[in-house]
Amino acid sequence: MKLKNDKVSSMITLSEESRRMQDMMKQYNMYGMDPGMFGSSETLVLNSNNKLVQYIFNNEEAEHVSMICEQLYDLAMLSHRPLAAEDMTKFITRSNDIMMVLTSN
């Protein structure tokens, strides 16, 4: 998908049904319930106008593409909701690995 803002690499979208269910749960103070128990329809959207996404599409076999894809997914999830503790640990470790790659050039 091509987004107007080329600085946004990825995002998570919710189906209208899932969004309404989450809103209703908030409205009725049902914070202890897991919204996923009603089914959740989340979609990862990659912005084909973003240079990083373009790099991935054009260099699928490159050395760090897998790490970049994981990072884009986690960044999209972070903009949507907090990561679970284990996922946050992986995100931080990967972020440090990316910075080491950047400094080794």
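All figures in this text were calculated on a predicted structure; none of them were measured in a lab.

Draft legend 1. Focus on helix H4 (residues 85-103). The terminal C-alpha atoms of H4 lie 27 Å apart, and with 19 residues this matches the ideal 27 Å at 1.5 Å per residue to within 8%. Of all the residues in H4, the buried ones are Phe91, Arg94 and Ser95. Buried residues of H4, seen end-on, are gathered within an arc of 110 degrees and therefore sit on one face of the element. Seen from the buried face of H4, the exposed residues on the opposite side, beyond 90 degrees, are Ala85, Glu86, Met100 and Thr103. The secondary structure elements touched by the buried residues of H4 are helix H3 (65-80).

Draft legend 2. Structural context of the packing of H3 against H4. Viewed as axis vectors pointing N to C, H3 and H4 meet at an angle of 130 degrees, and their least axial separation amounts to 10 Å. Judged by the angle between their axes, H3 and H4 are oblique. The chirality of how H3 crosses H4 is left-handed. Mapping the contact onto sequence places Met67, Glu70, Gln71, Asp74, Leu75 and Leu78 in H3 and Asp87, Met88, Phe91, Arg94, Ser95, Asp97, Ile98 and Val101 in H4. Residue classes in the contact of H3 with H4 are distributed as seven nonpolar, two polar and five charged.

Draft legend 3. Representation of the confidence of the model for the protein chain. With 83% of its residues at a pLDDT of 70 or more, the protein chain has an overall mean of 85. Averaged pLDDT values over the elements of the protein chain bottom out at 69 in helix H1 (residues 16-27) and peak at 96 in H4.

Draft legend 4. Structural context of the pattern of salt bridges. Enumeration according to the criterion identifies four salt bridges in this entry. One salt bridge connects Glu86 with Lys90, and the closest N-O pair in it is separated by 3.5 Å. Pair noted here: Glu86 and Lys90 are both in helix H4, with a separation of four residues, about one helical turn. Looking at Glu86, the relative accessible area reads 55%, which means it is exposed. Salt bridges sharing partners connect three or more residues here, namely Glu70, Asp74 and Arg94.

Parameters and conventions
Residues numbered from 1 in each chain as written. Predicted model: local features only at pLDDT ≥ 70, side-chain atom pairs only at ≥ 80, totals over all residues. Heavy atoms only, no water. Helix = DSSP H or I, 4+ residues; strand = E, 2+ residues; numbered from the N terminus. Expected span 1.5 Å × (residues − 1). Buried < 20%, exposed > 50% of the residue type's maximum accessible area, 1.4 Å probe, protein only. Arc of directions from axis to C-beta. Contact = heavy atoms within 4.5 Å. Axes fitted to C-alpha atoms, helices over the stretch in contact; angles between N-to-C directions. Parallel < 35°, antiparallel > 145°, perpendicular 65-115°, else oblique. Left-handed = near helix turned anticlockwise from the far one by under 90°. Nonpolar A, V, L, I, M, F, W, Y, C, P; charged D, E, K, R; others polar. pLDDT = per-residue confidence, 0-100. Salt bridge = Lys/Arg side-chain N within 4 Å of Asp/Glu carboxyl O.

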